[in-house]
Amino acid sequence: ALMTAEQRNALFISYMRLALPERHMTQEDFTRHFTPSYNLWEQRLCISPDADFFRALRRKKASMVTDHIEAFDENGIRLKSGSHVACEIIVTATGLQLHENTPMASMKVSVDGKPYVASTHRLYKDCMLSDVPNFIFCRGYFQASWTLKVDLVCKYLCRLLAHMRATGAAVAFPPGAARGAA
């Protein structure tokens, strides 16, 4: 049987609580830091597969602050609650990594024997590349839930595959310059 959103939330939060027992964090603090206002999996979700994040919290090597940023100042971060987090370095933890050769990053890719170079291709619907046949990639929105964007790309892919099946096409690439054109 499928689980409801509330059941999934409760299950996942219980796993986090097992990794961070009450002797390491009060229930009040745990609830503030680990109980989001949205259903899990519908927005960004931080996962720590080897539990190093929770281990650092248990060992008091790290601490958490859950709040909204009001502003950055010369000494750290001013929070909307009025609190201040003193820091010398701020590391944004969005997971965003921009690569020079998007979306291939450090992979060595060639198309028709020619190396792929991002600057020589155009993006189509933010998921396909000009002159790169039968290739779709997914990346989420930067300022919203990744699942919103990935859902759109997956729906587009399904429509494209259905069209290819219906027309007998074996190759698909974005409109624009013909393949191999200068």
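Residues numbered from 1 in each chain as written. Predicted model: local features only at pLDDT ≥ 70, side-chain atom pairs only at ≥ 80, totals over all residues. Heavy atoms only, no water.

J.: Whenever I open this one, the overall build of the protein chain confuses me. Can you help?
T.: Along the protein chain, the regular secondary structure elements total four helices and seven strands. Mapped in sequence order, the helices and strands of the protein chain form the string α-α-α-β-β-β-β-β-β-β-α. Across the 182 residues of the protein chain, 23% fall into the buried class. Taking as baseline every contact in the protein chain between residues at least 6 positions apart, the subset at least 24 positions apart corresponds to 39%. Approximately 13,400 Å² of the protein chain is accessible, and the part contributed by carbon and sulfur atoms is 57%. (Helix = DSSP H or I, 4+ residues; strand = E, 2+ residues; numbered from the N terminus. Buried < 20%, exposed > 50% of the residue type's maximum accessible area, 1.4 Å probe, protein only. Contact = heavy atoms within 4.5 Å. Areas by Shrake-Rupley, 256 points an atom, 1.4 Å probe, with all protein chains shown as cover.)

J.: Explanation requested: the pairing of strand E2 (residues 76-79) in the structure shown.
T.: On a regular strand, one side chain projects to one face of the sheet and the next to the other, so that they alternate. In this sheet, E2 lies alongside strand E1 (residues 69-73) in antiparallel orientation, the contact comprising four bridges. Bridge pairing in E2 links phenylalanine 72 to isoleucine 77. Relative to strand E3 (residues 84-86), E2 runs antiparallel, the two being bridged by three bridges. Residue pairing for E3: glycine 76 is matched across the bridge by alanine 86. Taken together, E2 and the strand that follows it, E3, pair antiparallel across an intervening segment of four residues, in which glycine 82 is found at a positive phi of about 100°. (Pairing = 2+ DSSP bridges.)

J.: Would you explain the sheet that holds E1 in this entry?
T.: Sheet strands pair via backbone hydrogen bonds, and the direction of the pair is either parallel or antiparallel. Pairing within the open sheet is antiparallel, and its three strands lie in the order E1-E2-E3. One side of each edge strand has no neighbouring strand; the edge strands of this open sheet are E1 and E3. On average, adjacent strands in this sheet sit at an angle of 20° to one another, irrespective of strand direction. (Axes fitted to C-alpha atoms, helices over the stretch in contact; angles between N-to-C directions.)

J.: Could you clarify how one ought to interpret the packing of aromatic side chains in this entry?
T.: In this description, a pair of aromatic rings is defined by centroid distance and the angle of the planes. Tallying each qualifying case throughout the model produces six aromatic pairs. Residues phenylalanine 135 and phenylalanine 137 carry aromatic rings whose centres are separated by 6.0 Å and whose planes lie at 35° to one another, so their mutual orientation is tilted. (Phe/Tyr/Trp six-rings, centres within 6.5 Å; stacked < 30°, edge-to-face > 60°.)

J.: Got a minute to help me understand the environment of methionine 128 in this structure?
T.: Take methionine 128: it is sitting in strand E7 (residues 128-129). The exposure class assigned to methionine 128 is buried, which follows from its relative accessible area of 2%. Considered as a pair, methionine 128 and cysteine 138 are 10 residues apart in the sequence and their alpha carbons are 9.1 Å apart. Apart from the residues within four sequence positions on either side, methionine 128 is in contact with Arg122, Leu123, Phe135, Ile136, Phe137, Tyr156, Leu160, Ala172, Phe173 and Pro174.

J.: Mind showing me how you'd approach helix H2 (residues 27-34) here?
T.: Along an α-helix, a turn takes 3.6 residues, which lines up residues three or four apart on a common side. Here H2 has its buried residues at Phe30, His33 and Phe34. The arc that holds the buried residues of H2, viewed along the axis, is 75°, so those residues lie on one side. Residues of H2 that are buried make contact with helix H1 (5-19) and helix H3 (52-58). (Arc of directions from axis to C-beta.)

J.: Got a minute to help me understand H1 in this structure?
T.: With 15 residues, H1 extends 21 Å from end C-alpha to end C-alpha; this agrees with the ideal 21 Å at 1.5 Å per step. Along H1, the residues that are buried comprise Ala5, Asn9, Phe12, Ile13, Met16, Arg17 and Ala19. All buried residues of H1 lie within an arc of 155° about the axis, which places them on one face of the element. Among the structural elements, H2 and H3 are those in contact with the buried residues of H1. (Expected span 1.5 Å × (residues − 1).)

J.: What should I look at first to understand the nonpolar core in this one?
T.: Buried together is how nonpolar side chains tend to be arranged in soluble globular proteins. Among the nonpolar cores identified, the biggest contains 11 residues, and these are Phe12, Ile13, Met16, Ala19, Leu20, Met25, Phe30, Phe34, Leu40, Phe54 and Leu57. Every element with two or more residues in this core is listed here: H1, H2 and H3. If one sorts the elements of this core by residue count, H1 sits on top with four residues. Beyond its immediate sequence surroundings of up to four residues, isoleucine 13 is in contact with Phe30, Phe34, Thr35 and Leu40. (Core = buried A, V, L, I, M, F, W, Y, C linked by side-chain atoms within 4.5 Å.)

In short, geometric facts, not functional conclusions.
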